[in-house]
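# Structure assessment
Take a look at the letters that make up each chain.
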Amino acid sequence: MSLRRAIVRASEVAAPLRKTSRKDQVRIGTYPVPPEANIWWKNRYQVPGGEIKQSFSPYQQKIMFQWFWNAPSRWYGRFSKWAWPIGVPSLVFYIFVYKSCEADVEADIRAKSWW
């Protein structure tokens, strides 16, 4: 019984929506557009006056000041959280493994070359 009910519900969901009536499809009139609006429409990607004037509201300043002011402490917290598990082992690997290998290669090159 539940399978039949599921099939009926699925067919109800997939049923097409009602079409808009012809009365509601008819255009009532035309909006009066002045002829000079054609120029404005063609230049809609450009700024009248040739410059963009932006303002920064006090509310935006209030929000962004806190965000910028707290940025160093946020990043300090993030870096200090990963200092011991990631930073210190990476530094130890760099100093003891990479630099010692680099020094061994340099010593080998100096021992085998005559100039």
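To be clear, the structure that these remarks concern was listed above.
For clarity, every value in this text was computed on a predicted model and none was experimentally measured.

### With respect to helix α4 (residues 58-81)
If you check α4, its first and last C-alpha atoms are 34 Å apart, about what 24 residues at 1.5 Å a residue would give, namely 34 Å. In α4, a bend of some 45° at A71 exceeds every other bend along the element, and P72, a proline, comes one to four places later.

### What to know about a nonpolar patch on the surface
Side chains of W84, V88, L91, V92, F93, Y94, I95, F96, V97 and Y98 sit close together on the surface and give an oily, nonpolar patch of about 1000 Å² of accessible area. Overall, the relative accessible area of 41% leaves V92 in the partly exposed class.

### As for the pattern of salt bridges
Applying the stated criterion across every chain, the model contains four salt bridges. The closest approach of N and O atoms between K99 and E102, which form a salt bridge, is 3.0 Å. Placement of the pair is K99 and E102 together in helix α5 (residues 83-112), with a separation of three residues, close to one helical turn. Residue R110 pairs with E106 through a salt bridge whose shortest N-O separation is 3.1 Å. Taken together, the positions of R110 and E106, both in helix α5 and four residues apart, correspond to about one turn of that helix. Judged by its relative accessible area of 38%, E106 falls in the partly exposed class.

### Notes on the packing of aromatic side chains
The final tally for this structure, using the stated rule, is four aromatic pairs. Ring plane angle 35° and centroid distance 5.7 Å describe the contact between W75 and F79, whose orientation is recorded as tilted. On the criterion of helical spacing, the pair formed by W75 and F79 is a turn pair, its members being four residues apart in helix α4. A residue is classified by how much of its surface remains accessible, and W75, at 44% relative accessible area, is partly exposed. Ring centres of Y94 and Y98 lie 5.5 Å apart, and the angle between their planes is 20°; this geometry places the pair in the stacked category. Within this pair, Y94 and its partner Y98 are both found in helix α5, separated by four residues, close to a single helical turn. Residue class for Y98 comes out partly exposed when judged on its relative accessible area of 42%. R78 extends its terminal NZ or CZ atom over the ring of W75, reaching a point 4.6 Å from the ring centre.

Rules behind the numbers
Residues numbered from 1 in each chain as written. Predicted model: local features only at pLDDT ≥ 70, side-chain atom pairs only at ≥ 80, totals over all residues. Heavy atoms only, no water. Helix = DSSP H or I, 4+ residues; strand = E, 2+ residues; numbered from the N terminus. Expected span 1.5 Å × (residues − 1). Bend = angle between axes of the 7 residues up to and from the residue. Patch = residues over 30% accessible without salt bridge, like charges linked within 9 Å, V, L, I, M, F, W, Y side chains within 5 Å. Areas by Shrake-Rupley, 256 points an atom, 1.4 Å probe, with all protein chains shown as cover. Salt bridge = Lys/Arg side-chain N within 4 Å of Asp/Glu carboxyl O. Buried < 20%, exposed > 50% of the residue type's maximum accessible area, 1.4 Å probe, protein only. Phe/Tyr/Trp six-rings, centres within 6.5 Å; stacked < 30°, edge-to-face > 60°. Lys NZ or Arg CZ within 6 Å of the ring centre and 35° of its normal.

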